[in-house]
Amino acid sequence: VIAHAVYAQTPVLVSGNGPSGPGMTPYLVVAALLFSIGMIGLLTRRNILVMFMCVELMLNAVNLTFVTFARKMNDINGEALVFFVLVVAAAEVVVGLGIIVSIVRRRQSATADSAVMLKG
Amino acid sequence: MATWIVFVAGAFIALAGAVGLVTVPNPVHAALLLVLTLVGVAILFVTMEAHFLAAVQIIVYAGAVVVLFLFVIMLLGVDRAEDVRMDPITGQRPTAIAMGIASFAMLVTIVAIKADQSVGAAPVADVAFEGSNVERLSNAVFTKYLYPFEITSLLLVIAVVGAVLMSRRPKPLPAVDGANGGAS
């Protein structure tokens, strides 16, 4: 409902996709929804792996925003930045899963409470 | 109109996968729903004519990253269902949902305020090259962003070495007299 209302407020906002394609706003609203859902998951789930997947979800929402603005501004630099975000996300997944593997080896469980000793 | 249909389909797939990812108790199912979300985002990339990024999204994310997740889940045997009903901290779940809704409202408000202003109406001709999406992107990556691209390879090497070092089982050290041979 809110997405429809926002889009109805800005009917002039149609970029290179032809007059019938969706403009920038629906993409941004979808990205905002993905980001918020990822944040809710990160805050509510206790399994470290699922929390990590939620981080990936939030990264994807940001990538979607980058691509939306890159297309709106006809600027390929935004897409180049998404390319680098993808690479850094892959490296982050490798390191994060290594950390998770070592936590699970030590604690025999994969919840965030396994690392409670890190609390100051 | 066709773009609208594809957009709605992609957005629906992405959002359905995201909601499922947050709600299903089993991590394996969550990983598969993450694939669904990534495919939905790739469809949205296609509708925005970011063809290379859509392909990379499928190959790298859905192909490599999620497979890595599944490997770790199944290798460690942590695919037990998590009790999603229990609140770890009292009131954590309602607070988290309220914060999520607040974040969404904030982002949409920013979009609604800023979207009707002319955000960069003039096309930026920074990398002066016309052509398909892949040609333009490769031209940008291999000329303007050449050094970041090369540093990226260094980052990947560091990540791989670090991951191997971290997840390797510590060898039992030989008993040397007076040696501080490992904590465990």
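Residues numbered from 1 in each chain as written. Chains lettered and ligands numbered in written order. Predicted model: local features only at pLDDT ≥ 70, side-chain atom pairs only at ≥ 80, totals over all residues. Heavy atoms only, no water.

1. Description of the overall build of chain B
Alright, step 1. Within chain B one finds 6 helices and 0 strands.
Alright, step 2. Along its sequence from the N terminus, chain B presents helices and strands in the succession α-α-α-α-α-α.
Alright, step 3. Within chain B, the proportion of its 184 residues that are buried is 32%.
Alright, step 4. Taking all contacts inside chain B whose residues are at least 6 apart in sequence as the whole, residues at least 24 apart take part in 52%.
Alright, step 5. Accessible area of chain B: about 11,000 Å², with a carbon and sulfur share of 72%. (Helix = DSSP H or I, 4+ residues; strand = E, 2+ residues; numbered from the N terminus. Buried < 20%, exposed > 50% of the residue type's maximum accessible area, 1.4 Å probe, protein only. Contact = heavy atoms within 4.5 Å. Areas by Shrake-Rupley, 256 points an atom, 1.4 Å probe, with all protein chains shown as cover.)

2. Overview of unusual backbone geometry
One can expect most non-glycine residues to show negative phi and most peptide bonds to be in trans.
Alright, step 1. The phi angle at A:Asn74 is positive, at roughly 50°, despite the residue not being glycine.
Alright, step 2. Within the secondary structure, A:Asn74 sits in the loop between helix H3 (48–72) and helix H4 (76–107).

3. Side note on the packing of aromatic side chains
Alright, step 1. For the coordinates displayed, the defined rule picks out 8 aromatic pairs over all chains.
Alright, step 2. A centroid spacing of 5.6 Å and a plane angle of 65° characterise the contact between A:Phe52 and B:Phe69, whose relative ring orientation is edge-to-face. With A:Phe52 in helix H3 and B:Phe69 in helix H3 (residues 51–76), this pair bridges two chains. Of the two residues, A:Phe52 and B:Phe69, neither departs from the other in class, the shared state being buried.
Alright, step 3. Between A:Phe84 and B:Tyr145 the ring centres are 5.9 Å apart and the planes differ by 65°, which places this aromatic pair in the edge-to-face class. Here B:Tyr145 lies in the loop between helix H5 (133–144) and helix H6 (146–167) and A:Phe84 lies in helix H4, a pairing that spans two chains. B:Tyr145 matches A:Phe84 in its accessibility class, with the two residues each being buried.
Alright, step 4. Connected via pairs of aromatic rings, a cluster forms that spans A:Phe83, A:Phe84, B:Phe52, B:Phe142, B:Tyr145 and B:Phe149. (Phe/Tyr/Trp six-rings, centres within 6.5 Å; stacked < 30°, edge-to-face > 60°.)

4. A look at the side chain of A:Glu79
Alright, step 1. Here A:Glu79 lies in helix H4.
Alright, step 2. The charged side chain of A:Glu79 is buried without a salt bridge, its nearest counter-charge being B:Arg136 at 6.4 Å. (Lys, Arg positive; Asp, Glu negative; His and termini not counted. Salt bridge = Lys/Arg side-chain N within 4 Å of Asp/Glu carboxyl O.)

5. Side note on the interface of chain A and chain B
Alright, step 1. Facing 73 residues of chain A, the contacting portion of chain B comprises 83 residues.
Alright, step 2. Between chain A and chain B, roughly 7,300 Å² of surface is buried when both sides are summed, and carbon and sulfur atoms account for 76% of that area.
Alright, step 3. Of all residues in chain A, A:Arg45, A:Met53 and A:Ile76 give up the largest surface area on contact with chain B, accounting jointly for 9% of the area buried on that side.
Alright, step 4. At the junction of chain A with chain B, the criterion picks out 0 salt bridges.
Alright, step 5. There are 13 residue pairs in polar contact (both at pLDDT 80 or more) connecting chain A and chain B.
Alright, step 6. Looking at the side of chain A that touches chain B, the elements with two or more residues in it are helix H1 (2–9), helix H2 (24–44), H3 and H4 of chain A.
Alright, step 7. Partitioning the side of chain A that touches chain B into residue classes produces 47 nonpolar, 18 polar and 8 charged. (Buried area = accessible area lost by both parts, 1.4 Å probe. Polar contact = N/O pair within 3.5 Å; in protein donor to acceptor, adjacent residues only side chain to side chain. Nonpolar A, V, L, I, M, F, W, Y, C, P; charged D, E, K, R; others polar.)

6. Quick notes on H4(A)
Residue and element names in this part refer to chain A.
Alright, step 1. In this model H4 runs 46 Å from its N-terminal to its C-terminal C-alpha over 32 residues, within 8% of the 46 Å that 1.5 Å per residue would give.
Alright, step 2. Between the side-chain oxygen of the N-cap and the backbone nitrogen of Asn-77 there are 3.0 Å, and the N-cap of H4 in question is Asp-75.
Alright, step 3. Once H4 finishes, Gln-108 follows within two positions and takes phi at roughly 60°, a positive value. (Expected span 1.5 Å × (residues − 1).)

7. With respect to the confidence of the model for chain A
Alright, step 1. Put simply, chain A has an average pLDDT of 80, and 81% of its residues get 70 or more.
Alright, step 2. Below a pLDDT of 50 lies the segment residues 3–17 of chain A, which in the model reaches 28 contacts outside its immediate sequence neighbourhood of four places, other chains included. (pLDDT = per-residue confidence, 0-100.)

8. A word on the confidence of the model for chain B
Residues and elements named next belong to chain B.
Alright, step 1. When pLDDT is averaged along chain B, the result is 82, and 81% of the positions lie at 70 or above.
Alright, step 2. Across chain B, the element-wise mean pLDDT spans from 87 in helix H4 (residues 92–114) up to 93 in helix H2 (residues 27–47).
Alright, step 3. Across the interface, the model reports ipTM at 0.82; the global pTM reads 0.81.

9. Some details on the packing of H4(A) against H6(B)
Alright, step 1. In contact at an axis separation of 9 Å, H4(A) and H6(B) are set at 10° when each is read in the N-to-C sense. Taken together, the axes of H4(A) and H6(B) are roughly parallel relative to one another. Side by side, H4(A) and H6(B) meet where A:Phe83, A:Phe84, A:Val87, A:Val88, A:Ala91, A:Val94, A:Val95, A:Gly98, A:Ile99, A:Val101, A:Ser102 and A:Arg105 of the first sit next to B:Pro148, B:Phe149, B:Thr152, B:Leu155, B:Leu156, B:Ala159, B:Ala163, B:Met166 and B:Ser167 of the second.
Alright, step 2. Broken down by class, the residue content of the contact of H4(A) with H6(B) amounts to 16 nonpolar, 4 polar and 1 charged. (Axes fitted to C-alpha atoms, helices over the stretch in contact; angles between N-to-C directions. Parallel < 35°, antiparallel > 145°, perpendicular 65-115°, else oblique.)

10. What to know about the environment of B:Ala54
Alright, step 1. Relative to the helices and strands, B:Ala54 is located in helix H3.
Alright, step 2. Ignoring anything within four residues of it in the chain, the contact list for B:Ala54 reads B:Ala42, B:Phe45 and B:Val46.

11. Some points on the environment of A:Leu97
Alright, step 1. With respect to the secondary-structure elements, A:Leu97 resides in helix H4.
Alright, step 2. Given the relative accessible area of 3%, A:Leu97 is considered buried.
Alright, step 3. Sequence separation between A:Leu97 and A:Leu49 is 48 residues; the distance between their C-alpha atoms is 8.1 Å.
Alright, step 4. If we skip the residues at most four places from it in the chain, A:Leu97 touches A:Leu49, A:Phe52, B:Leu68, B:Phe69 and B:Val72.

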